[in-house]
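# Chains, contacts and geometry: an overview
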Amino acid sequence: MRTSPAAIPFLNLLAALAGGLCMRFAFGLEPIWWLAWCAPGLVLFAALRSSRHASLVLVTLAGLVAASGNFHYYTLVIPLPMSLLATLLQALSWTLVIGLSRRLMLRRGTCVSLFAYPLLAAAFDTLAAHLLPDGNWASIGYSQAGFLPALQIVSLAGMAGLVFVLSLPAAALALLAAHRPGRGTAAGIVATVALLVGSAIAYGVVRLSTPATGAGVTVGLAAIDDFIGPRTPAAAERVWKQYERQLADLASRGAMLIVLPEKIAVVDLAQARALRQRLGSQAARLRVWLMAGVGVDDGRQRHNLAWLFDPSGRMHHAYQKRRLAPGEGAFVPGTRAEVERIGPVLAGLAICKDMHFAASARDYGRLRADIVLVPSWDFGEDALYAARLSALRGVENGFAMVRVAREGMLTVSDQLGRVVAEVRSAPMPGAALLAELPAPRTGTTLYAWSGDVFGWLCVACGSAMLLALRGSGGTSVDSHGQSR
């Protein structure tokens, strides 16, 4: 018999709503990292205590509360109907993962009960990263960008490893509270989780304690939020003149490399030739490496490019953005990673959304880049989230990150995710930042070479458990021995 929402026990409803609210703050654009370790456990607890149909209602409700935190941001990026759909799909993803985990966890007597939710959460994260247009942008793992000891696990097992470890305490809390196992079983669950989570954090603490050695490089960042789009030539010239003043100031303070934001202007071929000459002349006059983001319309296609000039003014690269953002449908995606030796460091070239995808960032890990330069253009609300998401790519692969965004943050972070220097962008006269980059690393990470092996292992194990459940008819029992 179907259970109506009115018949759901009040405690289960309260737990689901509280869990959804906590998830809203744990996995939003400015996440509260410690909430992420327990918030899903409240929803899982409510699901375990409820019938199949009641749990479907509860988990969907909790998912909608959790996903609502990003709704306003979605409206800035995509049309309103798509924003509603994105919010609903994000909520339904929680319904799917927690609903399947509930079915597996109700099969008591095996380790499936403890590891079901962590495995399925990591598996879903891996599939999202590889199959969805925006990858795993909304992954629960990004909530830990501010908790560096836990974050270091991505250097071994990628985001799937972090999601798995992060989900263990929530699964244990739900299992212990809902099923109330015997003292010996409860002690085993607590000991297992403490060992796995403790080992991951201990690894992070040791990794963070390793001192840097060798010489780094002084880098300058500058950003002006004003877009040189449908503006008068005089207004556009004021923006470029201000950038030139920022370049001169940063160079006079010792910058040997200066990075400007993404798509400062979109120009035609004739304008592009004049702009290349102008920027090259600035690099030569100041004797600096200069990287600037420019859109070029050749009359047939549009290209989102990052030009890199050497201190003689010669353009070495016109890197083309590989991962396009919503609204960039008129642009043609690039196809390859590019690197350049700049003084003592090997620098990778990327643009904004390229660093939202672990696969794109791994290219630079395999190429053994020391730093990655990332001109970007954010949406204001996602400034901090986008900066930390990109920094996590550096932890995965062992490179420092130089990211400068219009309507975002100017951020320099090291290969362990530590923020070296940071300031928010601003309209005219803009914002600038000077920072000493960390020394080049001495080696690469396991993840840079192995990739998502752990994530695909979670997909395989999760699939095997679900197939076994289906093969047995999917029968499960609650703590009172009743069929569910």
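Before going into details, it helps to say that this report is about the structure given with it.

About the thresholds
- Residues numbered from 1 in each chain as written.
- Predicted model: local features only at pLDDT ≥ 70, side-chain atom pairs only at ≥ 80, totals over all residues.
- Heavy atoms only, no water.
- Helix = DSSP H or I, 4+ residues; strand = E, 2+ residues; numbered from the N terminus.
- Rg over C-alpha atoms; globule rule 2.2 N^0.38 Å.
- Buried < 20%, exposed > 50% of the residue type's maximum accessible area, 1.4 Å probe, protein only.
- Lys, Arg positive; Asp, Glu negative; His and termini not counted.
- Charge placed at Lys NZ, Arg CZ, Asp CG, Glu CD.
- Salt bridge = Lys/Arg side-chain N within 4 Å of Asp/Glu carboxyl O.
- Patch = residues over 30% accessible without salt bridge, like charges linked within 9 Å, V, L, I, M, F, W, Y side chains within 5 Å.
- Areas by Shrake-Rupley, 256 points an atom, 1.4 Å probe, with all protein chains shown as cover.
- Axes fitted to C-alpha atoms, helices over the stretch in contact; angles between N-to-C directions.
- Parallel < 35°, antiparallel > 145°, perpendicular 65-115°, else oblique.
- Left-handed = near helix turned anticlockwise from the far one by under 90°.
- Contact = heavy atoms within 4.5 Å.
- Nonpolar A, V, L, I, M, F, W, Y, C, P; charged D, E, K, R; others polar.
- Phe/Tyr/Trp six-rings, centres within 6.5 Å; stacked < 30°, edge-to-face > 60°.
- Pairing = 2+ DSSP bridges.

## Some points on the overall build of the protein chain
Helix and strand counts for the protein chain come out as 15 helices and 13 strands. Taken over C-alpha atoms, the radius of gyration comes to 25 Å for the protein chain, in line with the 23 Å a tight globule of 484 residues would show. With respect to the principal axes defined by its C-alpha atoms, the protein chain has extents near 80 × 50 × 35 Å. Burial statistics for the protein chain: of 484 residues in total, 55% are counted as buried. For the protein chain, the centre of its 43 positive side-chain charges and the centre of its 29 negative side-chain charges are spaced 8 Å apart.

## So, the pattern of salt bridges
Tallied over the entire structure, the rule returns 17 salt bridges. Among the ionic pairs, Arg418 bridges to Asp414, the shortest N-O distance being 2.7 Å. What emerges from the salt-bridge pattern is a single network uniting Glu262, Lys263, Lys321 and Glu328.

## A look at a nonpolar patch on the surface
Taken together, the side chains of Leu64, Met82, Leu85, Leu88, Leu89 and Leu92 present a nonpolar region at the surface, about 500 Å² in accessible area. The element contributing the most residues to the nonpolar patch is helix H5 (residues 80-105), with 5 residues. Within the secondary structure, Leu88 is located in helix H5.

## Considering the packing of helix H2 (residues 39-48) against H5
The interhelical angle for the contact between H2 and H5, taken along N-to-C directions, is 55 degrees, at an axis separation of 10 Å. Classified by the angle between their axes, H2 and H5 sit oblique to one another. At the point where H2 passes H5, the crossing takes the right-handed sense. Residue-level inspection shows Pro40, Val43, Leu44, Ala47 and Leu48 of H2 in contact with H5, the latter providing Trp94, Ile98, Ser101, Arg102 and Met105. When grouped by side-chain class, the residues that make up the contact of H2 with H5 number 8 nonpolar, 1 polar and 1 charged.

## Topic: the packing of aromatic side chains
What the rule picks out here adds up to 14 aromatic pairs. Between the aromatic rings of Tyr73 and Tyr74, the centroid separation amounts to 6.2 Å while the plane-to-plane angle is 50 degrees, which identifies the pairing as tilted. Judged by relative accessible area, Tyr73 falls into the buried class, the value being 6%. With a relative accessible area of 10%, Tyr74 lands in the buried category. Ring geometry for Tyr73 versus Phe379: centroids 6.2 Å apart, planes at 85 degrees, classification edge-to-face.

## Comments concerning the environment of Leu250
Here Leu250 shows up in helix H10 (residues 233-252). Linking Leu250 and Ala426, residues 176 residues apart in sequence, is a C-alpha distance of 17 Å. In contact with Leu250, other than residues within four places in its own chain, are Gly220, Leu221, Ala222, Ala255, Ile258, Ala432, Leu433 and Leu434.

## Digging into the sheet that holds strand E11 (residues 409-413)
Ordered by their spatial adjacency, 6 strands build an open sheet running E7-E8-E9-E10-E11-E12, and the pairing between neighbours is mixed. Of all strands in the sheet, those with a lone pairing partner are strand E7 (338-342) and strand E12 (419-424), marking the two edges. When the angles between neighbouring strand axes are averaged without regard to direction, this sheet yields 15 degrees. Inspection of the sheet shows E7 paired to strand E8 (residues 345-349) by 5 bridges, in the antiparallel sense. When the bridges of E8 are listed, Ile342 appears paired with Val345.

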